[in-house]
Amino acid sequence: MKNIFKKFALGLGTATAICMSLTPAFAAGSITSNGSTSGEVIRDGVVLEGSTSQFVDDLSYLTSSENEQDVKAADIIEQLNAGTPLTEAFSGETVALPEGVEIDLSEFSLLTKLQDLQAFDADGNRLEENVTISWEVPNLTSELGEVYVLHYSTKEDKGWEVIKPDEVNYDTKMITATFEDLSPVAVIYKSTENVPAENPNTSTSTNAGLYLGVGAVALVAIGLIVFKKHKA
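Residues numbered from 1 in each chain as written. Predicted model: local features only at pLDDT ≥ 70, side-chain atom pairs only at ≥ 80, totals over all residues. Heavy atoms only, no water.

### A word on the pattern of salt bridges
(1) Moving on: Tallying each qualifying case throughout the model produces 7 salt bridges.
(2) Moving on: Residue Glu128 pairs with Arg126 through a salt bridge whose shortest N-O separation is 3.8 Å.
(3) Moving on: The partly exposed category is assigned to Glu128, whose relative accessible area is 42%.
(4) Moving on: As a salt-bridge pair, Glu146 and Lys190 come within 3.6 Å of each other at their nearest N and O atoms. Residue Glu146 is found in the loop between strand E7 (129–136) and strand E8 (147–152), and its partner Lys190 is found in strand E12 (residues 184–190); the two are separated by 44 residues along the sequence.
(5) Moving on: You can call Glu146 partly exposed: its relative accessible area is 34%.
(6) Moving on: Each of Glu107, Glu146 and Lys190 takes part in a single network of salt bridges with overlapping partners. (Salt bridge = Lys/Arg side-chain N within 4 Å of Asp/Glu carboxyl O. Buried < 20%, exposed > 50% of the residue type's maximum accessible area, 1.4 Å probe, protein only. Helix = DSSP H or I, 4+ residues; strand = E, 2+ residues; numbered from the N terminus.)

Take a look at the structure:
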(Lines give C-alpha, C1' and ligand atoms only; values in the text may rest on other atoms or scores of the structure.)
Protein backbone atom coordinates (compact mmCIF):
# COMPACT_ATOMS: atom_id res chain seq x y z
CA MET A 1 0.00 0.00 0.00
CA LYS A 2 2.89 2.37 0.80
CA ASN A 3 4.22 1.91 -2.73
CA ILE A 4 0.83 2.92 -4.10
CA PHE A 5 0.88 6.21 -2.19
CA LYS A 6 4.49 6.86 -3.21
CA LYS A 7 3.55 6.38 -6.87
CA PHE A 8 0.49 8.56 -6.41
CA ALA A 9 2.55 11.36 -4.79
CA LEU A 10 5.13 11.15 -7.56
CA GLY A 11 2.39 11.38 -10.18
CA LEU A 12 0.87 14.37 -8.40
CA GLY A 13 4.16 16.28 -8.45
CA THR A 14 4.80 15.48 -12.10
CA ALA A 15 1.32 16.45 -13.24
CA THR A 16 1.39 19.68 -11.24
CA ALA A 17 4.70 20.67 -12.82
CA ILE A 18 3.33 19.94 -16.29
CA CYS A 19 0.18 21.97 -15.64
CA MET A 20 2.15 24.96 -14.38
CA SER A 21 4.52 24.83 -17.35
CA LEU A 22 1.56 24.99 -19.72
CA THR A 23 0.07 28.08 -18.07
CA PRO A 24 2.28 30.82 -19.62
CA ALA A 25 1.51 29.59 -23.12
CA PHE A 26 -2.19 30.32 -22.57
CA ALA A 27 -1.76 33.63 -20.72
CA ALA A 28 -3.13 35.71 -23.58
CA GLY A 29 -3.30 39.38 -22.77
CA SER A 30 -0.43 39.42 -20.28
CA ILE A 31 1.56 42.63 -20.50
CA THR A 32 4.80 42.51 -22.49
CA SER A 33 7.26 44.83 -24.21
CA ASN A 34 6.53 46.08 -27.71
CA GLY A 35 8.24 43.99 -30.36
CA SER A 36 10.52 45.12 -33.17
CA THR A 37 9.37 47.74 -35.64
CA SER A 38 8.99 46.65 -39.25
CA GLY A 39 9.88 48.33 -42.53
CA GLU A 40 10.75 51.93 -43.21
CA VAL A 41 8.98 54.93 -41.75
CA ILE A 42 6.22 56.65 -43.69
CA ARG A 43 5.88 60.41 -43.32
CA ASP A 44 2.96 62.29 -44.81
CA GLY A 45 2.19 59.21 -46.91
CA VAL A 46 5.69 58.91 -48.38
CA VAL A 47 8.06 56.04 -47.59
CA LEU A 48 11.38 57.44 -46.37
CA GLU A 49 14.14 55.26 -47.79
CA GLY A 50 16.76 54.23 -45.26
CA SER A 51 14.65 55.35 -42.30
CA THR A 52 14.49 53.28 -39.12
CA SER A 53 12.47 53.15 -35.91
CA GLN A 54 12.72 51.55 -32.49
CA PHE A 55 11.24 51.28 -29.01
CA VAL A 56 13.36 52.27 -26.00
CA ASP A 57 12.67 52.20 -22.26
CA ASP A 58 14.54 55.41 -21.43
CA LEU A 59 12.02 58.08 -20.46
CA SER A 60 14.43 60.32 -18.56
CA TYR A 61 13.59 63.24 -20.85
CA LEU A 62 10.14 63.24 -19.24
CA THR A 63 11.27 62.98 -15.62
CA SER A 64 13.84 65.74 -16.12
CA SER A 65 11.51 68.00 -18.11
CA GLU A 66 10.67 71.49 -16.91
CA ASN A 67 7.14 70.84 -18.09
CA GLU A 68 5.06 69.67 -15.12
CA GLN A 69 2.75 67.76 -17.47
CA ASP A 70 5.66 65.63 -18.73
CA VAL A 71 6.85 64.83 -15.22
CA LYS A 72 3.34 63.76 -14.25
CA ALA A 73 3.10 61.65 -17.39
CA ALA A 74 6.30 59.84 -16.41
CA ASP A 75 4.72 58.94 -13.07
CA ILE A 76 1.56 57.68 -14.79
CA ILE A 77 3.67 55.57 -17.16
CA GLU A 78 5.48 54.01 -14.22
CA GLN A 79 2.15 53.16 -12.57
CA LEU A 80 0.67 51.67 -15.74
CA ASN A 81 3.74 49.58 -16.51
CA ALA A 82 3.55 48.23 -12.94
CA GLY A 83 -0.03 47.01 -13.54
CA THR A 84 -2.17 49.87 -12.20
CA PRO A 85 -5.59 49.91 -13.96
CA LEU A 86 -5.99 52.62 -16.58
CA THR A 87 -8.81 54.47 -14.84
CA GLU A 88 -6.89 54.55 -11.56
CA ALA A 89 -3.67 55.83 -13.13
CA PHE A 90 -5.59 58.40 -15.18
CA SER A 91 -7.66 59.67 -12.25
CA GLY A 92 -8.24 63.37 -12.86
CA GLU A 93 -6.58 63.22 -16.29
CA THR A 94 -8.16 63.84 -19.68
CA VAL A 95 -7.60 61.16 -22.31
CA ALA A 96 -8.62 62.15 -25.85
CA LEU A 97 -10.46 59.48 -27.86
CA PRO A 98 -10.51 58.92 -31.64
CA GLU A 99 -13.16 60.92 -33.44
CA GLY A 100 -16.44 59.03 -33.53
CA VAL A 101 -15.23 56.36 -31.09
CA GLU A 102 -16.74 55.87 -27.64
CA ILE A 103 -14.89 53.54 -25.30
CA ASP A 104 -14.82 52.98 -21.56
CA LEU A 105 -11.22 52.83 -20.36
CA SER A 106 -12.30 50.82 -17.30
CA GLU A 107 -12.81 47.89 -19.69
CA PHE A 108 -9.29 48.16 -21.13
CA SER A 109 -5.82 47.00 -20.04
CA LEU A 110 -2.30 47.40 -21.32
CA LEU A 111 -1.26 44.72 -23.77
CA THR A 112 2.22 46.17 -24.11
CA LYS A 113 4.02 48.45 -21.71
CA LEU A 114 4.53 52.12 -22.48
CA GLN A 115 7.84 52.68 -24.26
CA ASP A 116 9.29 55.60 -26.16
CA LEU A 117 8.85 55.16 -29.91
CA GLN A 118 11.63 56.79 -31.94
CA ALA A 119 12.17 57.21 -35.69
CA PHE A 120 15.18 58.36 -37.71
CA ASP A 121 15.82 59.26 -41.34
CA ALA A 122 18.68 57.78 -43.38
CA ASP A 123 21.08 60.38 -41.92
CA GLY A 124 20.16 59.64 -38.34
CA ASN A 125 18.00 62.73 -37.81
CA ARG A 126 14.95 62.32 -35.59
CA LEU A 127 11.56 62.07 -37.26
CA GLU A 128 8.94 63.32 -34.85
CA GLU A 129 5.86 64.44 -36.76
CA ASN A 130 3.20 62.84 -38.96
CA VAL A 131 4.82 59.41 -39.14
CA THR A 132 3.33 55.97 -39.76
CA ILE A 133 5.07 52.98 -38.17
CA SER A 134 4.40 49.23 -38.02
CA TRP A 135 5.57 47.06 -35.16
CA GLU A 136 5.22 43.58 -33.72
CA VAL A 137 3.02 42.89 -30.70
CA PRO A 138 4.08 39.40 -29.48
CA ASN A 139 0.92 38.70 -27.46
CA LEU A 140 -1.59 40.01 -30.01
CA THR A 141 -4.42 37.55 -30.69
CA SER A 142 -7.87 37.84 -32.24
CA GLU A 143 -9.37 36.75 -28.91
CA LEU A 144 -8.53 40.11 -27.35
CA GLY A 145 -11.39 42.03 -28.94
CA GLU A 146 -10.95 45.77 -29.55
CA VAL A 147 -7.36 46.98 -29.82
CA TYR A 148 -6.16 50.59 -29.70
CA VAL A 149 -2.91 52.50 -29.24
CA LEU A 150 -2.32 54.59 -26.12
CA HIS A 151 -0.05 57.57 -26.76
CA TYR A 152 1.36 60.43 -24.72
CA SER A 153 2.01 63.55 -26.78
CA THR A 154 4.59 66.01 -25.48
CA LYS A 155 2.87 68.85 -27.33
CA GLU A 156 1.51 71.36 -24.86
CA ASP A 157 -1.98 71.36 -26.34
CA LYS A 158 -2.37 67.57 -26.36
CA GLY A 159 -1.25 65.07 -23.72
CA TRP A 160 -2.79 61.60 -23.43
CA GLU A 161 -4.75 60.17 -26.34
CA VAL A 162 -6.12 56.89 -27.66
CA ILE A 163 -5.35 56.28 -31.34
CA LYS A 164 -7.24 53.93 -33.65
CA PRO A 165 -4.66 51.80 -35.51
CA ASP A 166 -4.47 52.00 -39.30
CA GLU A 167 -4.21 48.22 -39.36
CA VAL A 168 -4.24 45.31 -36.90
CA ASN A 169 -2.98 42.02 -38.36
CA TYR A 170 -3.60 39.15 -35.96
CA ASP A 171 -1.92 36.61 -38.25
CA THR A 172 1.42 38.43 -38.33
CA LYS A 173 0.92 40.02 -34.88
CA MET A 174 1.60 43.44 -36.37
CA ILE A 175 0.04 46.84 -35.70
CA THR A 176 0.35 49.94 -37.89
CA ALA A 177 -0.49 53.40 -36.56
CA THR A 178 0.00 57.03 -37.54
CA PHE A 179 1.24 59.60 -35.02
CA GLU A 180 1.17 63.39 -35.21
CA ASP A 181 4.22 63.32 -32.97
CA LEU A 182 6.37 60.60 -31.43
CA SER A 183 6.71 59.88 -27.74
CA PRO A 184 5.59 57.06 -25.37
CA VAL A 185 3.34 54.41 -26.94
CA ALA A 186 1.52 51.28 -25.74
CA VAL A 187 -1.14 48.92 -27.07
CA ILE A 188 -4.35 48.52 -25.06
CA TYR A 189 -7.07 45.90 -25.47
CA LYS A 190 -10.63 45.17 -24.38
CA SER A 191 -11.76 41.75 -23.21
CA THR A 192 -14.20 40.01 -25.57
CA GLU A 193 -16.28 39.12 -22.50
CA ASN A 194 -16.50 42.85 -21.63
CA VAL A 195 -15.14 42.13 -18.17
CA PRO A 196 -13.63 45.27 -16.57
CA ALA A 197 -9.88 44.96 -16.83
CA GLU A 198 -7.85 45.10 -13.66
CA ASN A 199 -4.20 44.05 -13.61
CA PRO A 200 -3.01 42.93 -17.08
CA ASN A 201 -1.31 39.92 -15.48
CA THR A 202 -4.45 38.43 -13.87
CA SER A 203 -4.99 36.00 -16.73
CA THR A 204 -1.94 34.06 -15.61
CA SER A 205 -3.38 33.19 -12.20
CA THR A 206 -6.73 32.27 -13.76
CA ASN A 207 -5.10 29.83 -16.15
CA ALA A 208 -3.00 28.36 -13.37
CA GLY A 209 -6.11 27.48 -11.38
CA LEU A 210 -7.76 25.96 -14.44
CA TYR A 211 -4.88 23.65 -15.28
CA LEU A 212 -4.23 22.66 -11.68
CA GLY A 213 -7.89 21.69 -11.42
CA VAL A 214 -7.69 19.59 -14.56
CA GLY A 215 -4.51 17.97 -13.25
CA ALA A 216 -6.14 17.10 -9.94
CA VAL A 217 -9.06 15.37 -11.68
CA ALA A 218 -6.67 13.40 -13.87
CA LEU A 219 -4.64 12.29 -10.85
CA VAL A 220 -7.73 10.97 -9.08
CA ALA A 221 -8.45 8.83 -12.13
CA ILE A 222 -4.84 7.61 -12.23
CA GLY A 223 -4.95 6.75 -8.53
CA LEU A 224 -8.08 4.67 -8.95
CA ILE A 225 -6.54 2.76 -11.86
CA VAL A 226 -3.35 2.03 -9.90
CA PHE A 227 -5.36 0.91 -6.87
CA LYS A 228 -7.54 -1.43 -8.92
CA LYS A 229 -4.48 -3.00 -10.60
CA HIS A 230 -2.80 -3.53 -7.24
CA LYS A 231 -5.96 -5.05 -5.77
CA ALA A 232 -6.34 -7.39 -8.74
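### Regarding unusual backbone geometry
(1) Moving on: Phi is positive for Asp44, which is not a glycine, with a value near 50°.
(2) Moving on: On the secondary structure map, Asp44 appears in the loop between strand E1 (37–43) and strand E2 (46–47).
(3) Moving on: For Asp44, a relative accessible area of 59% puts it in the exposed group.

### Observations concerning helix H3 (residues 68–81)
(1) Moving on: The end-to-end C-alpha separation of H3 is 20 Å, in line with the 20 Å expected for 14 residues at 1.5 Å each.
(2) Moving on: In the core, the buried residues of H3 are packed alongside helix H2 (60–63), helix H4 (86–89), strand E5 (108–110), E8, strand E9 (160–163) and E12.
(3) Moving on: Measuring from the backbone nitrogen of Gln69 back to the side-chain oxygen at the start of H3 gives 2.8 Å, which picks out Asn67 as the cap.
(4) Moving on: Once H3 finishes, Gly83 follows within two positions and takes phi at roughly 110°, a positive value. (Expected span 1.5 Å × (residues − 1). Contact = heavy atoms within 4.5 Å. Polar contact = N/O pair within 3.5 Å; in protein donor to acceptor, adjacent residues only side chain to side chain.)

### So, the sheet that holds strand E11 (residues 174–181)
(1) Moving on: Sheet architecture is open: 5 strands sit in the order E2-E1-E7-E11-E10, paired in antiparallel fashion. At either end of the open sheet lies a strand with only one pairing partner, and these are E2 and strand E10 (167–169).
(2) Moving on: Bridge count for E1 against E7 is 4 bridges, and the pairing is antiparallel. Counted as the bridge partner of Thr37 is Trp135 from E7. (Pairing = 2+ DSSP bridges.)

### Brief notes about the nonpolar core
(1) Moving on: Formed by 24 residues in total, the largest nonpolar core has its most connected members in Leu80, Leu86, Phe90, Leu150, Trp160 and Ile188.
(2) Moving on: It is H3 that contributes the most residues to this core, 5 residues altogether.
(3) Moving on: Leu80 has contacts with Ile31, Pro85, Leu86, Ala89, Phe90, Leu110, Leu114 and Leu150, leaving out every residue within four places of it along the chain. (Core = buried A, V, L, I, M, F, W, Y, C linked by side-chain atoms within 4.5 Å.)

### Some words on the side chain of Ser183
(1) Moving on: Here Ser183 is to be found in the loop between E11 and E12.
(2) Moving on: A distance of 2.3 Å separates the side chain of Ser183 from the backbone oxygen of Tyr152, its partner in a polar contact.
(3) Moving on: In this structure, Ser183 is in contact with Tyr61, Gln115, Asp116, Leu117, His151, Tyr152, Ser153 and Thr154, ignoring residues within four places of it in sequence.

### Re the confidence of the model for the protein
(1) Moving on: Mean pLDDT over the protein stands at 80; residues scoring 70 or higher make up 69%.
(2) Moving on: Residue range residues 15–28 is modelled with pLDDT below 50. Its contacts to residues more than four positions away, or to other chains, number 18 contacts.
(3) Moving on: Contacts from residues 194–214, a stretch scored under 50 in pLDDT, to residues over four places away or in other chains number 39 contacts. (pLDDT = per-residue confidence, 0-100.)

### Topic: the pairing of strand E6 (residues 115–120)
(1) Moving on: Judged by how many residues are buried, E6 sits mostly within the fold: 6 of 6 residues are covered.
(2) Moving on: In this structure, strand E3 (residues 52–56) lies alongside E6, joined through 5 bridges in antiparallel fashion. What sits directly across from Thr52, in E6, is Phe120.
(3) Moving on: Of the strand pairs in this sheet, E6 and E12 are connected by 2 bridges, and their pairing is antiparallel. Looking across to E12, one finds that Gln115 is bridged to Val185.

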